[in-house]
Amino acid sequence: MDVQEATAACPDAFAELASPACIQDPYPFMRWLREHDPVHRAASGLFLLSRHADIYWALKATGDAFRGPAPGELARYFFPRAATSLSLNLLASTLAMKDPPTHTRLRRLISRDFTMRQIDNLRPSIARIVAARLDGMAPALERGEAVDLHREFALALPMLVFGELFGMPPDDILGLVTGISAILEGLSPHASDPQLAAGDAASARVQAYFGDLIQRKRTDSRHDIVSMLVGAHDDDAEMLSDAELISMLWGMLLGGFATTAAAIGHAVLTMLAYPEQRHWLKGDAVGVKAFVEEALRYDAPAMFSSIPRIAQRDIELGGVVIPKNADVRVLIAAGNRDPDAFADPDRFDPVRFYGTSPGMSIDGKIMLTFGHGIHFCLGAQLARVQLAESLPRIQARFPTLALAEQPTREPSAFLRTFRALPVRLHGQEG
């Protein structure tokens, strides 16, 4: 059955994206959707946008044409158990759920410390962590054994980097991230009661830990982001409350860890699939940056926006009327492969981003992986730095790295990530 026949048999795009075929390769279906049903109304009533121009406009119009759900709406329409679930209440209080002016205040308060300079200051620590993880993988690879790069590197790196960023000991961050999968499963609208309970238990541990960490940073301030966020700002009467800061740290951990691990895995997979493009990783920082940007465009870790965006009025796109109060999501990965934005979009070509500003192609088109507008991802620079510090070192240390077998993917329609990414050194098979 071809893509069109499959879509006719299953008209709900969200259901189709969760199918085994789309888990392996979602792009043929996304192409069909973009060309034949770009403003898609799913069986649940959600609308899904798949053209780059529509997605870009919708992201830019958030806060104007679109708003986040009010707390009562979150429980009534999207997550019925939000009234009793800790995880869902924490989700409702994150920055991504807020609208101006509350969003403006919170974003300003965190952005004053979560700066590009602060992230760039982490580069030596990130380089040290990368080198240590590669050292740990080297003996097995050199013996001809297969190593799971997802577990040993892609998951480990952002975990340890978050520990550095937050000023947490490695054992502490390890204890927290083991519960992330449970929290993400519990946040699904289709989660079972046991899954939600497990997610809430994990969120309670994260909440308690961050509450204690905030108090410790007040008495023992260091050069980490949590110390800066809880520290006094003499020139600013506004401060983040402890509850606001905890939900923000919870959201940053949840939103940045798994997506960065997926981005690293996909970038390495792309490097292995296109060896003729590895020369970009052997040159200067501009070339590395171009490779990283194209890798982020080519395989975005988050397929679509998970946060509800509510239409403030009737909106017409492509001849389809999206009614007021409808929930609208954007299919980020489809927009990144739109030929109206990126010529020959299924071809991996770092030239698109050579010498440009981050996220912008040489044709002036915006890569959508980190969003756009008021909800542009706060962790974008951190993810970029981790990729830029990792890929050249992997190439230099293991120039004959190759897949040992096909990767195993997580069965998630939202986060395109791995269960295992086995690699070995070519020519040294055991």
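What you see is a predicted model; the values in this text were computed from it and never measured.

Novice: Got a minute to help me understand the overall build of the chain in this structure?
Specialist: What the chain contains, in helices and strands, is 20 helices and 12 strands. Relative to the globule expectation of 22 Å for 430 residues, the C-alpha radius of gyration of the chain, 21 Å, shows essentially globular dimensions. Its C-alpha atoms give the chain principal-axis dimensions of roughly 60 × 60 × 45 Å. In the chain, which comprises 430 residues, the share counted as buried stands at 55%. Sequence-distant contacts in the chain: of pairs separated by 6 or more residues, those separated by 24 or more amount to 72%. Surface exposure of the chain reaches about 18300 Å², of which carbon and sulfur atoms provide 55%. Distance from the positive charge centre (43 side chains) to the negative charge centre (51 side chains) of the chain: 2 Å.

Novice: What is the right way to look at the pattern of salt bridges in this model?
Specialist: The final tally for this structure, using the stated rule, is 24 salt bridges. Across the salt bridge formed by Arg133 and Glu152, the nearest N and O atoms sit 3.6 Å from each other. Placement of the pair is Arg133 in helix 10 (residues 123–142) and Glu152 in helix 11 (residues 149–154), with a sequence separation of 19 residues. For Arg133, a relative accessible area of 25% translates into the label partly exposed. A salt bridge links Arg347 to Asp349, with the shortest nitrogen-to-oxygen separation between them at 2.9 Å. With relative accessibility at 14%, the residue Asp349 sits in the buried group.

Novice: What am I meant to see in the side chain of Arg309 here?
Specialist: As for its position among the elements, Arg309 is in strand 5 (residues 309–311). Relative accessible area serves as the criterion here: at 10%, Arg309 is assigned to the buried category.

Novice: Explanation requested: the sheet that holds strand 4 (residues 147–148) in the structure shown.
Specialist: Hydrogen bonds along the backbone pair up the strands of a sheet, which may run parallel or antiparallel. Spatially, 4-12-9 is the arrangement adopted by the 3 strands of the open sheet, whose pairing is antiparallel. Looking at the sheet topology across the chains shown, the edges are occupied by strand 4 and strand 9 (401–403). Relative to strand 12 (residues 422–425), strand 4 runs antiparallel, the two being bridged by 2 bridges. Its bridge partner being in strand 12, Val147 is matched across the sheet by Val423. Packed on one face of the sheet, helix 17 (residues 242–273) meets strand 9 and strand 12 and runs near 100° to strand 9.

Novice: So what exactly am I meant to see when it comes to the environment of Asp64 here?
Specialist: With respect to the helices and strands, Asp64 occurs in the loop between helix 5 (52–60) and strand 3 (66–67). Along the chain, Asp64 and Asp99 lie 35 residues apart, while their C-alpha atoms are 9.3 Å from each other. Other than its neighbours up to four places away in sequence, Asp64 contacts Gln312 and Arg313.

Novice: Before we go on, may I ask you to explain the environment of Asp193 in this structure?
Specialist: Relative to the helices and strands, Asp193 resides in helix 15 (residues 193–219). Along the primary structure Asp193 and Ser111 are separated by 82 residues, whereas in three dimensions their C-alpha atoms are 36 Å apart.

Novice: Help me understand the pairing of strand 12 in this model?
Specialist: Residues Pro422 and Arg424 line one face of strand 12 and the alternating positions Val423 and Leu425 line the opposite face, and both faces are buried. When strand 9 meets strand 12, the two strands line up antiparallel, connected through 3 bridges. Opposite Leu401, over in strand 12, you have Leu425 as the bridge partner.

Novice: How should I be thinking about the pairing of strand 8 (residues 327–330) in this particular structure?
Specialist: Judged by which residues are buried, strand 8 turns out to be covered on both faces: Asp327 and Arg329 on one side and Val328 and Val330 on the other are all buried. The pairing of strand 2 (residues 47–49) with strand 8 spans 3 bridges and is parallel. By the bridge assignment, Phe47 is partnered in strand 8 with Val328. Where strand 5 and strand 8 come together, 2 bridges link them in antiparallel fashion. In the strand pairing of strand 8, Ile310 is matched with Asp327.

Novice: Even after reading the chapter, I still don't get the sheet that holds strand 8, so can you show me in this structure?
Specialist: If you walk across this open sheet you meet the 5 strands as 1-2-8-5-3, and the pairing is mixed. Each of the sheet's edge strands pairs with one partner strand only, and the pair in question is strand 1 (39–41) and strand 3.

Novice: Which parts of the structure should I look at to understand the nonpolar core?
Specialist: Considering soluble globular proteins, one finds that nonpolar side chains tend to be buried as a cluster. In this structure, Phe153, Phe166, Phe210, Leu253 and Leu401 are the most contacted members of the largest nonpolar core, which totals 92 residues. Tallying contributions element by element places helix 17 first for this core, with 16 residues. Excluding anything up to four places from it in sequence, Leu253 contacts Phe162, Ile173, Leu176, Val177, Ile180, Val206 and Phe210. Ala61, Ala65, Val328 and Val330 belong to the second largest nonpolar core, which has 19 residues in total.

The rules behind the values
- Residues numbered from 1 in each chain as written.
- Predicted model: local features only at pLDDT ≥ 70, side-chain atom pairs only at ≥ 80, totals over all residues.
- Heavy atoms only, no water.
- Helix = DSSP H or I, 4+ residues; strand = E, 2+ residues; numbered from the N terminus.
- Rg over C-alpha atoms; globule rule 2.2 N^0.38 Å.
- Buried < 20%, exposed > 50% of the residue type's maximum accessible area, 1.4 Å probe, protein only.
- Contact = heavy atoms within 4.5 Å.
- Areas by Shrake-Rupley, 256 points an atom, 1.4 Å probe, with all protein chains shown as cover.
- Lys, Arg positive; Asp, Glu negative; His and termini not counted.
- Charge placed at Lys NZ, Arg CZ, Asp CG, Glu CD.
- Salt bridge = Lys/Arg side-chain N within 4 Å of Asp/Glu carboxyl O.
- Pairing = 2+ DSSP bridges.
- Axes fitted to C-alpha atoms, helices over the stretch in contact; angles between N-to-C directions.
- Core = buried A, V, L, I, M, F, W, Y, C linked by side-chain atoms within 4.5 Å.

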